[in-house]
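Chain by chain, the residues run as shown.
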Amino acid sequence: MTEGMGKVICNITISADGYSAGLNQTEERPFGDDGGDGSGDRLHAWMFDTPDENRAEVEEMTAAGAFVMGRNMFGPVRGAWDRPWNGWWGDDPPFHSPVFVLTHHAREPQPMRGGTTYHFVTDGIASALTRARAAAGDGDVAVLGGATTINQYLAAGLVDEVRLHIVPLTLGAGTRLFEGVPALRLEQVSSRASSLVTHVTYRVLS
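Structure report, in brief. (Residues numbered from 1 in each chain as written. Predicted model: local features only at pLDDT ≥ 70, side-chain atom pairs only at ≥ 80, totals over all residues. Heavy atoms only, no water.)

Each helix and strand counted, the protein chain has five helices and eleven strands in total. Here the C-alpha radius of gyration of the protein chain, 16 Å, is about what a compact globule of 206 residues would show, namely 17 Å. With the C-alpha coordinates aligned to their principal axes, the bounding extent of the protein chain is approximately 45 × 40 × 35 Å. Per-residue burial over the protein chain gives 45% buried out of 206 residues. Long-range contacts, defined as pairs at least 24 residues apart, comprise 62% of the intrachain contacts of the protein chain with a sequence gap of at least 6. Here the protein chain carries 16 positive and 25 negative side-chain charges, and the mean point of each set is 3 Å from the other. (Helix = DSSP H or I, 4+ residues; strand = E, 2+ residues; numbered from the N terminus. Rg over C-alpha atoms; globule rule 2.2 N^0.38 Å. Buried < 20%, exposed > 50% of the residue type's maximum accessible area, 1.4 Å probe, protein only. Contact = heavy atoms within 4.5 Å. Lys, Arg positive; Asp, Glu negative; His and termini not counted. Charge placed at Lys NZ, Arg CZ, Asp CG, Glu CD.)

Right, let's talk about the sheet that holds strand β7 (residues 141-145) for a bit. Reading across from one edge, β5-β6-β4-β3-β7-β1-β8-β11-β10 is the order of the nine strands in this open sheet, with mixed pairing throughout. Edge positions in the open sheet fall to β5 (110-111) and β10 (186-193), since each of these has one partner strand only. Where strand β1 (residues 8-15) lies against β7, three bridges are found, and the strand directions are parallel. Bridging across to β7, valine 8 finds its partner in valine 141. Each of β1, β3 (66-70), β4 (98-102), β6 (117-121) and β7 touches helix α4 (residues 125-136); the most contacted strand, β4, lies at about 180° to it. (Pairing = 2+ DSSP bridges. Axes fitted to C-alpha atoms, helices over the stretch in contact; angles between N-to-C directions.)

Let's shift gears to α4. With twelve residues, α4 extends 16 Å between its outermost C-alpha atoms, agreeing within 8% with the 16 Å of an ideal straight helix rising 1.5 Å per residue. Among the residues of α4, those classed as buried are Ile125, Ser127, Ala128, Leu129, Ala132, Arg133 and Ala136. In this structure, the buried residues of α4 make contact with β1, β3, β4, β6, β7 and α5 (147-155). Positive phi shows up at glycine 137, right after α4, with a value of about 65°. (Expected span 1.5 Å × (residues − 1).)

So, on to the nonpolar core. Grouped together as the largest cluster of nonpolar side chains are 26 residues, with contacts concentrated most on Ile12, Val68, Val143, Ile150, Tyr153, Val159 and Leu177. Considering each element in turn, this core owes the most residues, five residues, to α4. In this view, valine 68 contacts Phe100, Leu102, Ala128, Ala132, Val141, Ala142, Val143, Leu144, Gly145 and Tyr153; residues no more than four positions away in its chain are not counted. Formed by 15 residues, the second largest nonpolar core is a distinct cluster that contains Phe67, Phe74, Phe120 and Ala142. (Core = buried A, V, L, I, M, F, W, Y, C linked by side-chain atoms within 4.5 Å.)

As structure tokens, this is what we get:
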């Protein structure tokens, strides 16, 4: 972490066996074979079914000064932007800060209500992080996913802290956190269990 800058934090919900989504993802089933209806309802039940138990962690997820996410997390549109798509979160997304979306296809920034503006970055993860740091000032930058995007940042040594929300189910296959990431030394900062999830925060030492 550079002096005077906030942390780079990865924040993601995973199954007990490390998957953030199952196989066979489609637009109708964005989380694929996720043990439910494909919407991620079981993976993310801790947020929506027991919000009071997990209020601090939910608020932390959107407290950063800027955000980075992969194209797959932003939406199901693949290839060129051949139809309107402004994310899964409606006209007033929960971020209320700049969001930098990794993509291979250029697109003009998309302002939304509530202070969120989506910026589309075509020149890689380092560029997206540089722009997010500039936008965040001394605030944190949150890399929200999916797992493939987080793995790229972890492999590049660009992450200060990993916040995992581990749910008590296994998927067996799919998109897995830490896939292709070299061995890391982690220091446990905190852990807390609630009825549907265990929250664990690690500091990345190397």
